[in-house]
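Secondary and tertiary structure notes
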Amino acid sequence: MSLPDAVIFDLATRVLQAQDQAHTIAKLTDEHPQMSIADAYRVQDELRRRWMARGERMVGLKAGLTSKAKMQQMGVNVPSFGILSNAMARPENSAIAIDELVHPRVEAEIAFVLDKPLAGKGLTIDQVIDATAYVIPAVEVIDSRYEKFKFDLVSVTADNGSSSRYVTGGRPRDPRELDLRTVGVVIEKNGEIMATGASAAVVNHPANAILMLLDHLADRDEVLPAGSFIMTGGITEAIAVARGDSIVARFQDMGSVSFRFA
Ligand code: 0L1
Ligand code: MG
């Protein structure tokens with residue numbers, strides 16, 4: 001049975017305060033063990049409604065938990081999807097305020113920008129590529145609002161997939177000119193290599209994350225409109241960061257994304 005609307009609103013208030021004030025909360029399923037994934041997306045819907053009510057603009061969506069390593073770590077075989085607002089975006093080479101975050105980590109991702117709408121189940125990678133204007137390197141700063149970054153799929157989904165900030169950079173590339181399965185990625189923190197990976201780590205091809213997102217959206221009668229910005233999930237494990245850290249994520253044939261934490 002789904003949770004009553006009043007409980008969803010209360011949970012959205014709890015999550016939003018934790019996000020805005022940078023503090024941790026107990027995972028939502030501690031108090032509501034019967035909470036479902038559908039309930040978690042209802043909390044996200046309420047977060048989106050509140051973000052828009054205070055003037056934020058929705059710019060796209062994120063797929064998280066899309067690498068085999070992260071799925072295995074969480075014991076799940078489905079990703080967690082989230083919403084990206086303009087308030088989460090930070091410019092390349094900027095300083096991200098660490099005081100606004102709880103215990104941030106960074107992960108390198110390939111982002112897609114569509115120039116045609118996509119909708120429905122059963123599409124192919126080629127159809128995703130055909131609808132893509134360009135792909136661009138991105139780094140997501142994830143920051144779970146749950147204590148010690150520990151959660152279950154329901155709780156992390158209600159926390160909008162731990163989203164907090166994201167930075168794009170490098171060079172926009174035509175996806176037809178790249179082999180999107182074999183893009184090598186290196187993450188450096190303060191000049192030291194912290195993680196390396198190849199883009200096939202994201203469900204064998206980052207466009208597969210978009211196909212999974214489309215399945216999820218179809219169940220909700222939603223689509224990806226032209227202009228959508230979609231982050232497809234971390235290629236490597238997420239790297240913990242602290243004040244003063246400089247991050248450079250280098251993407252083979254796509255350039256790099258740099259910023260720091262202050
Ligand atoms: O974007 C992500 O892959 C994060 C999904 C949520 C899990 C986490 O916080 O690591
Ligand atoms: Mg991510």
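Located above this text is the structure these notes cover.
What comes next concerns the included structure. (Residues numbered from 1 in each chain as written. Chains lettered and ligands numbered in written order. Predicted model: local features only at pLDDT ≥ 70, side-chain atom pairs only at ≥ 80, totals over all residues. Heavy atoms only, no water.)

1. Focus on the packing of helix 1 (residues 5-21) against helix 3 (residues 37-53)
Contact geometry of helix 1 with helix 3 gives a least axis separation of 9 Å together with a crossing angle of 60°. Here helix 1 runs over helix 3; the crossing is right-handed. Residues Asp5, Ile8, Phe9, Leu11, Ala12, Thr13, Val15, Leu16 and Gln19 of helix 1 form the contact with helix 3, whose own contacting residues are Asp39, Arg42, Val43, Glu46, Leu47, Arg50 and Trp51. When the residues that make up the contact of helix 1 with helix 3 are grouped by side-chain class, the tally is 9 nonpolar, 2 polar and 5 charged. (Axes fitted to C-alpha atoms, helices over the stretch in contact; angles between N-to-C directions. Helix = DSSP H or I, 4+ residues; strand = E, 2+ residues; numbered from the N terminus. Left-handed = near helix turned anticlockwise from the far one by under 90°. Contact = heavy atoms within 4.5 Å. Nonpolar A, V, L, I, M, F, W, Y, C, P; charged D, E, K, R; others polar.)

2. Quick word on the coordination of the magnesium ion (ligand 2)
At this site the magnesium ion (ligand 2) is bound by Glu107 (OE), Glu109 (OE) and Glu140 (OE), with donor distances of 2.0 Å. Site description for the magnesium ion (ligand 2): donor spacing in sequence, E-x1-E-x30-E. Taken as a pair, Glu107 in strand 4 (residues 105-114) and Glu140 in strand 5 (residues 132-142) lie far apart in primary sequence, 33 residues in all. As far as the burial class goes, Glu107 and Glu140 line up, both buried. (Donors = N, O, S within 2.8 Å, 3.2 Å for Na, K, Ca; no water. Buried < 20%, exposed > 50% of the residue type's maximum accessible area, 1.4 Å probe, protein only.)

3. Let's talk about the packing of aromatic side chains
A complete count under the given rule lists 4 aromatic pairs for this structure. The structure contains a cluster of three or more aromatic residues connected by ring pairs, namely Tyr146, Phe149 and Phe151. (Phe/Tyr/Trp six-rings, centres within 6.5 Å; stacked < 30°, edge-to-face > 60°.)

4. Some thoughts on the site of ligand 1
All residues adjacent to ligand 1 are Lys62, Gly64, Leu65, Lys70, Glu107, Glu140, Ile142, Phe149, Phe151, Val156, Gly161 and Ser162. Contact between ligand 1 and Lys62: an oxygen atom at 2.8 Å from a side-chain N or O atom of the residue. Taking Leu65, its main chain carries an N or O atom lying 3.1 Å from an oxygen atom of ligand 1. In the complex, the protein chains occlude 96% of the 300 Å² of accessible area that ligand 1 would expose alone. Listed by contribution, the elements that provide at least two residues to the shell around ligand 1 are strand 1 (58-64) and strand 5. The residue makeup of the shell around ligand 1, split by class, is 5 nonpolar, 3 polar and 4 charged. (Near = heavy atom within 4 Å. Polar contact = N/O pair within 3.5 Å; in protein donor to acceptor, adjacent residues only side chain to side chain. Areas by Shrake-Rupley, 256 points an atom, 1.4 Å probe, with all protein chains shown as cover.)

5. Focus: helix 7 (residues 206-219)
With 14 residues, helix 7 extends 21 Å between its outermost C-alpha atoms, agreeing within 8% with the 20 Å of an ideal straight helix rising 1.5 Å per residue. Of the residues making up helix 7, those classed as buried are Pro206, Ala207, Ala209, Ile210, Leu211, Leu213, Leu214, His216 and Leu217. The inward-facing, buried residues of helix 7 abut helix 3, strand 1, strand 2 (80-85), strand 4, helix 5 (125-130) and strand 9 (229-231). Taken from the residues just after helix 7, Asp221 is the one with a positive phi, measuring 55°. (Expected span 1.5 Å × (residues − 1).)

Function cannot be read off these values alone, since they describe shape.
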